[in-house]
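Chain by chain, the residues run as shown.
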There are 2 protein chains.
Amino acid sequence: MSAKIVTAAMLAIGDELLSGRTKDKNIGHLADLLTLSGIDLKEVRIVADEEDAIVEALNALRARYTYVFTSGGIGPTHDDITADAISKAFGLPCVHDAEAMRLLGEMYARRNMEFTEARQRMARMPQGARHIANPVSTAPGFIVENVYVMAGVPQVFQAMVDNVLPELQSGAKMLSRALPCPYGEGDIGTLLGAIQKAHPETSIGSYPKYDGQRFSTELVVRARDQAALDAAAEAILAMIRDIEAAKAAASNPGPEA
Amino acid sequence: MSAKIVTAAMLAIGDELLSGRTKDKNIGHLADLLTLSGIDLKEVRIVADEEDAIVEALNALRARYTYVFTSGGIGPTHDDITADAISKAFGLPCVHDAEAMRLLGEMYARRNMEFTEARQRMARMPQGARHIANPVSTAPGFIVENVYVMAGVPQVFQAMVDNVLPELQSGAKMLSRALPCPYGEGDIGTLLGAIQKAHPETSIGSYPKYDGQRFSTELVVRARDQAALDAAAEAILAMIRDIEAAKAAASNPGPEA
């Protein structure tokens, strides 16, 4: 079995994410959907509305991963500079796209609203870019090579993601199984490390939980092969049973003790 | 006035953030606190529990910004490799810190728990690193030069941030004023762009809101100088009044119309 690995990065753009004014909701949403599609999200960056920062991050990410998804900075105001920055990164002119002008012009005419210079900014994109349809508020996102440029408003971002997912190549799906474990990482760490070593085709994650009083863990086995996944999960369940038995023996010494 | 600019980056470490299993809560929290301290958070990266990825991101960020704050990967399990990666980035040996061993050893002794090999992993850090106290679960974070290494569990991360904030240099505080605006970005974009140009000492952000039916905006003026802030805010309020008046005139034509 040679599993095809498809990778992705996300670039979230916006001063408001870095000042704390807006708490990002798009990263987690995209992460969930890519995982379901068998695409490995490998890196996320958040940068300010600054052209140099956007260009540098985009060029680093698009060279390294199969896909790059961006959010934010494609609205009508002066601080929306994502279209310019993406154009610059690709060395393409940033133009008022004719089809986007038509879609937006018709929408504003229907709503008896003026198609202002600011609104026309939303039709700007690198020359030749393909559209990402925006069923929420019309102004399209766009695609250049392996870069998908989408809005920052979560409702619009989510609608655009739904529109691009069907065209992405999906990788061999990563299977996963979550195993709740009542013991803290300190109780299981060494044993779990040995299980990971014995099951190299899997990736075993340990996620501590803290309820204000004590730590427990959620153990997650991930693998692209079902048999490998099951074998590692069995080893973990056996480990939990062994710890339980050892603790029970320690607190209830038998008649010989 | 020469305002001192202090910058920061955050590096969030963990496969679980990229798979969507865990929705990050630490970035927004740190962003809020740094903004209050007058420290500009300029960039955030999220990377997997992979040594090369952590080392590369850390070295890029620590060269560029006044401070770097990391979250995640300092627990006791095999996938907690942050201490090793930070050590490698600085070219320092990763050792069991004597004071951390003492703190953890005493804590487990008090609780009648075994100080296992896995738990001893939590005492590992680059040789000579300073501690960040952890009042929640004892295992310390650590500081090497301008890099602050903290836990990923939000309660512990927040306690560690509280412990390091007092020692940071704070910059000239960024003042901000939020102005709710009932009009969408398309209505105000051109006028707002002109106001930004006329008030170059300020940074005017426009944050669209969408309630499922129509867009409005929150306009945020930021500046390090109060008079500059007030002047830009006044210009924005005048703009909103002018749009209101124009709309009222359009819908209620006077007797001459």
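Whatever comes next refers back to the structure up there.
Just so it is clear, the structure is predicted and the values come from calculations on it, not from any experiment.

### With respect to the packing of aromatic side chains
Here's step 1: A complete count under the given rule lists ten aromatic pairs over all chains for this structure.
Here's step 2: With 6.1 Å between their ring centres and 40° between their planes, Tyr67(A) and Phe69(A) make a pair best called tilted.
Here's step 3: According to the relative accessible area criterion, Tyr67(A) is buried, its value standing at 7%.
Here's step 4: The class of Phe69(A) is buried, set by a relative accessible area of 1%.
Here's step 5: A centroid spacing of 5.7 Å and a plane angle of 25° characterise the contact between Tyr108(B) and Phe115(B), whose relative ring orientation is stacked.

### Quick look at the relation of the copies chain B and chain A
Here's step 1: With an RMSD of 0.0 Å, the fit of chain B onto chain A corresponds to turning through 180° and sliding 0.0 Å along the axis. Both chain copies can therefore be described as sitting about a two-fold axis. It is Arg45(B) whose C-alpha, among those of chain B, lies nearest the rotation axis, at 2.2 Å.

### Concerning the pairing of strand β11 (residues 215-223) of chain B
All names here are of chain B.
Here's step 1: Two elements, strand β9 (residues 175-181) and β11, share seven bridges in a ladder whose sense is antiparallel. Pairing of Ala178 across the sheet is with Val220, part of β11.
Here's step 2: As consecutive antiparallel partners, strand β10 (residues 203-210) and β11 are separated by four residues, and within that stretch Gly212 has a phi angle of approximately 100°, a positive value.

### Considering helix α7 (residues 154-164) of chain B
Here's step 1: Residues of α7(B) that are buried: Val156(B), Phe157(B), Ala159(B), Met160(B), Val161(B) and Val164(B).
Here's step 2: Looking at the buried residues of α7(B), the elements they touch are β1 (6-13), α2 (26-36), β3 (67-71), β6 (130-132), β7 (141-144) and β8 (147-150) of chain B.

### Regarding the packing of helix α3 (residues 51-64) of chain B against helix α4 (residues 82-90) of chain B
All names here are of chain B.
Here's step 1: Running from N to C, α3 and α4 point in directions that differ by 50°, and their axes come no closer than 9 Å. Relative to α4, the element α3 is oriented oblique. Remark: the crossing between α3 and α4 carries right-handed chirality. Residues Glu51, Asp52, Ile54, Val55, Leu58, Asn59 and Arg62 of α3 form the contact with α4, whose participating residues are Asp84, Ala85, Ile86, Lys88, Ala89 and Phe90.
Here's step 2: Across the contact of α3 with α4, the residue classes tally to seven nonpolar, one polar and five charged.

### Focus on the interface of chain B and chain A
Here's step 1: With 59 residues of chain B at the interface, the matching set in chain A holds 60 residues.
Here's step 2: For the pair chain B and chain A, the two sides together bury roughly 4,800 Å², of which 53% comes from carbon and sulfur.
Here's step 3: Considering only the surface of chain B that becomes buried against chain A, Leu18(B), Arg21(B) and His78(B) emerge as the three largest contributors, covering 13% of it.
Here's step 4: Our enumeration of links across chain B and chain A arrives at ten salt bridges.
Here's step 5: For Arg21(A), the salt bridge identified is with Glu218(B), shortest N-O distance 2.8 Å.
Here's step 6: Linking chain B with chain A are 28 residue pairs in polar contact (both at pLDDT 80 or more).
Here's step 7: If you tally residues by element for the side of chain B that touches chain A, the top one is helix α8 (residues 185-198) of chain B, at eight residues.
Here's step 8: When grouped by side-chain class, the residues that make up the side of chain B that touches chain A number 21 nonpolar, 19 polar and 19 charged.
Here's step 9: Here strand β2 (residues 39-47) of chain A pairs with strand β2 (residues 39-47) of chain B via five bridges, running antiparallel. By the bridge assignment, Ile46(A) is partnered in β2(B) with Val44(B).

### A word on the sheet that holds β9(B)
Residues and elements named next belong to chain B.
Here's step 1: Across the sheet, three strands lie side by side as β9-β11-β10; this open sheet has antiparallel pairing. Either end of the sheet is taken by a strand with one partner, and the two such strands are β9 and β10. The sheet shows a mean angle of 20° between the axes of neighbouring strands, direction not considered.
Here's step 2: Packed onto the sheet, α8 meets β9, β10 and β11 and runs at close to 175° relative to β10.

### A word on the side chain of Gln196(B)
Here's step 1: Relative to the helices and strands, Gln196(B) resides in helix α8.
Here's step 2: From its side chain, Gln196(B) meets the backbone oxygen of Thr202(B) in a polar contact 2.9 Å long.

Thresholds, definitions, all that
- Residues numbered from 1 in each chain as written.
- Chains lettered and ligands numbered in written order.
- Predicted model: local features only at pLDDT ≥ 70, side-chain atom pairs only at ≥ 80, totals over all residues.
- Heavy atoms only, no water.
- Phe/Tyr/Trp six-rings, centres within 6.5 Å; stacked < 30°, edge-to-face > 60°.
- Buried < 20%, exposed > 50% of the residue type's maximum accessible area, 1.4 Å probe, protein only.
- Least-squares fit on C-alpha atoms with pLDDT ≥ 70 in both.
- Pairing = 2+ DSSP bridges.
- Helix = DSSP H or I, 4+ residues; strand = E, 2+ residues; numbered from the N terminus.
- Contact = heavy atoms within 4.5 Å.
- Axes fitted to C-alpha atoms, helices over the stretch in contact; angles between N-to-C directions.
- Parallel < 35°, antiparallel > 145°, perpendicular 65-115°, else oblique.
- Left-handed = near helix turned anticlockwise from the far one by under 90°.
- Nonpolar A, V, L, I, M, F, W, Y, C, P; charged D, E, K, R; others polar.
- Buried area = accessible area lost by both parts, 1.4 Å probe.
- Salt bridge = Lys/Arg side-chain N within 4 Å of Asp/Glu carboxyl O.
- Polar contact = N/O pair within 3.5 Å; in protein donor to acceptor, adjacent residues only side chain to side chain.

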